[in-house]
Amino acid sequence: MQGGKVPGAGGGKLPFNYKKIRYFDAVTANDRAVARNFLRTEIHTANKSYSKALVNHLKNNEQNNNQSPIDKNNDPIHEQKAALKNVLTRFPHELKPELSAALVIESLSINQHESIEGIAKCYDGIVSAGIALLDVVNDTTFDGSTVSGGSSKSKLTTAEIMTALTPLLVTTLEQPSGEVFIALAKLRNYCGTRRYQRRFVQRIAPFLVRPPGAAIWCLRHQGDIEAIIAAIEMILDNA
């Protein structure tokens, strides 16, 4: 996931003050189109399958009323969830790094309302946590000491900020949404250095956390993005 020259890429500055990271820079418009079409097909198929599984699940419940509970392995809902876990085995192309990166981006942006279920409700809390983190960074000198800037009010530590944000994330996000953060944290660890781990976060954070009911990179989003990146980096550190 390190940086490096990407064939066909210009040598100028990247948009939105992005820093170079080959994993994402190698992605082409065609890669994103392939990933988007695959995800849309899988979502459509999953919705139809889930509706059928739900009907069968309710029928089984009705038939087993006042009898022994349904075996989980024979439950249509359980079978549907198991099928979703193996979704990438149905990807029709060789899963090269650029297609993998395209799938990450498209999976976070395919839903126009929010990247993962419940994250829109956490937007204000994540931004507030990020602002507090930037406040800590701005008051820290190169030798690690802090400067008060004339204020007698003590600053929160990173651990305290994470502790304050955790209840919001735990009570708002369902387990599958929490698993997305864990997966992204594992993927970020493939970056060889802390520098490129930060660049990884810089690329995914705008897609992962967006203002409710607004487009990515709207004016509000642009104003909040530094705080969002800081907060997401902290969350992945603790995932």
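Draft legend 1. Summary view of the overall build of the protein. Along the backbone of the protein there are nine helices and zero strands. Counting across all 239 residues of the protein, residues that qualify as buried make up 36%. A total accessible area of about 14,800 Å² is found for the protein, and carbon and sulfur atoms account for 54% of it.

Draft legend 2. Representation of the packing of aromatic side chains. Counted according to the given criterion, the structure contains four aromatic pairs. Their ring planes at 75 degrees and their centres at 4.9 Å tell us that tyrosine 23 and phenylalanine 24 sit as a pair that is edge-to-face. For the ring pair phenylalanine 24 and phenylalanine 200, a centre distance of 5.7 Å and an interplane angle of 40 degrees mean the geometry is tilted. Taken as a pair, phenylalanine 24 in helix α1 (residues 22–25) and phenylalanine 200 in helix α8 (residues 194–208) lie far apart in primary sequence, 176 residues in all. You'll find phenylalanine 24 and phenylalanine 200 in the same group, each marked buried. Among the aromatic residues, those joined into a cluster by ring pairs are Tyr23, Phe24 and Phe200. The positively charged end of arginine 203 is found above the aromatic ring belonging to tyrosine 18, 4.4 Å away from the centroid.

Draft legend 3. Geometry of helix α6 (residues 158–172). The end-to-end C-alpha separation of α6 is 21 Å, in line with the 21 Å expected for 15 residues at 1.5 Å each. If you check which residues of α6 are buried, you get Ile161, Met162, Leu165 and Leu169. Tucked inside the fold, the buried residues of α6 contact α5 (123–138) and α9 (219–237).

Draft legend 4. Region of the structure containing α9. The end-to-end C-alpha distance of α9 is 28 Å, a good match for the 27 Å that 19 residues give at a rise of 1.5 Å each. Maximum bend of α9: about 50 degrees, positioned at isoleucine 225.

Draft legend 5. Expanded view of the packing of α5 against α6. Across the interface, α5 lies against α6 with an axial gap of 10 Å and an inter-helix angle of 180 degrees. Considering the angle they form, α5 stands roughly antiparallel to α6. Across the interface between the two elements, Gly125, Ile126, Ala129, Ala132, Leu133 and Val136 from α5 touch Thr158, Ile161, Leu165, Leu168 and Leu169 from α6. Taken together, the residues that form the contact of α5 with α6 break down as nine nonpolar, two polar and no charged.

Draft legend 6. Representation of the nonpolar core within the structure. Counting residues in each nonpolar core, the largest one holds 54 residues, and the members touching the most others are Phe181 and Ile232. Elements with a minimum of two residues in this core: α1, α2 (29–63), α4 (97–109), α5, α6, α7 (175–188), α8 and α9. For this core, the element with the highest residue contribution is α9, accounting for 10 residues.

Draft legend 7. Examining the environment of tyrosine 23 more closely. Position of tyrosine 23 among the secondary structure elements: in helix α1. Residue tyrosine 23 is classed as buried on the basis of its relative accessible area of 8%. Expressed as a C-alpha distance, the spacing of tyrosine 23 and alanine 101, which sit 78 residues apart in the sequence, is 6.4 Å. A polar side-chain atom of tyrosine 23 sits 3.4 Å from the main-chain amide nitrogen of alanine 101.

Draft legend 8. Representation of the environment of arginine 194 in the model. Locating arginine 194 in the fold gives a position in helix α8. Given a relative accessible area of 35%, arginine 194 falls into the partly exposed group. Apart from residues lying up to four places away in sequence, arginine 194 is in contact with Arg188, Glu233 and Asp237. A distance of 2.9 Å separates the side chain of arginine 194 from the side chain of aspartate 237, its partner in a polar contact.

What counts and how
- Residues numbered from 1 in each chain as written.
- Predicted model: local features only at pLDDT ≥ 70, side-chain atom pairs only at ≥ 80, totals over all residues.
- Heavy atoms only, no water.
- Helix = DSSP H or I, 4+ residues; strand = E, 2+ residues; numbered from the N terminus.
- Buried < 20%, exposed > 50% of the residue type's maximum accessible area, 1.4 Å probe, protein only.
- Areas by Shrake-Rupley, 256 points an atom, 1.4 Å probe, with all protein chains shown as cover.
- Phe/Tyr/Trp six-rings, centres within 6.5 Å; stacked < 30°, edge-to-face > 60°.
- Lys NZ or Arg CZ within 6 Å of the ring centre and 35° of its normal.
- Expected span 1.5 Å × (residues − 1).
- Contact = heavy atoms within 4.5 Å.
- Bend = angle between axes of the 7 residues up to and from the residue.
- Axes fitted to C-alpha atoms, helices over the stretch in contact; angles between N-to-C directions.
- Parallel < 35°, antiparallel > 145°, perpendicular 65-115°, else oblique.
- Nonpolar A, V, L, I, M, F, W, Y, C, P; charged D, E, K, R; others polar.
- Core = buried A, V, L, I, M, F, W, Y, C linked by side-chain atoms within 4.5 Å.
- Polar contact = N/O pair within 3.5 Å; in protein donor to acceptor, adjacent residues only side chain to side chain.

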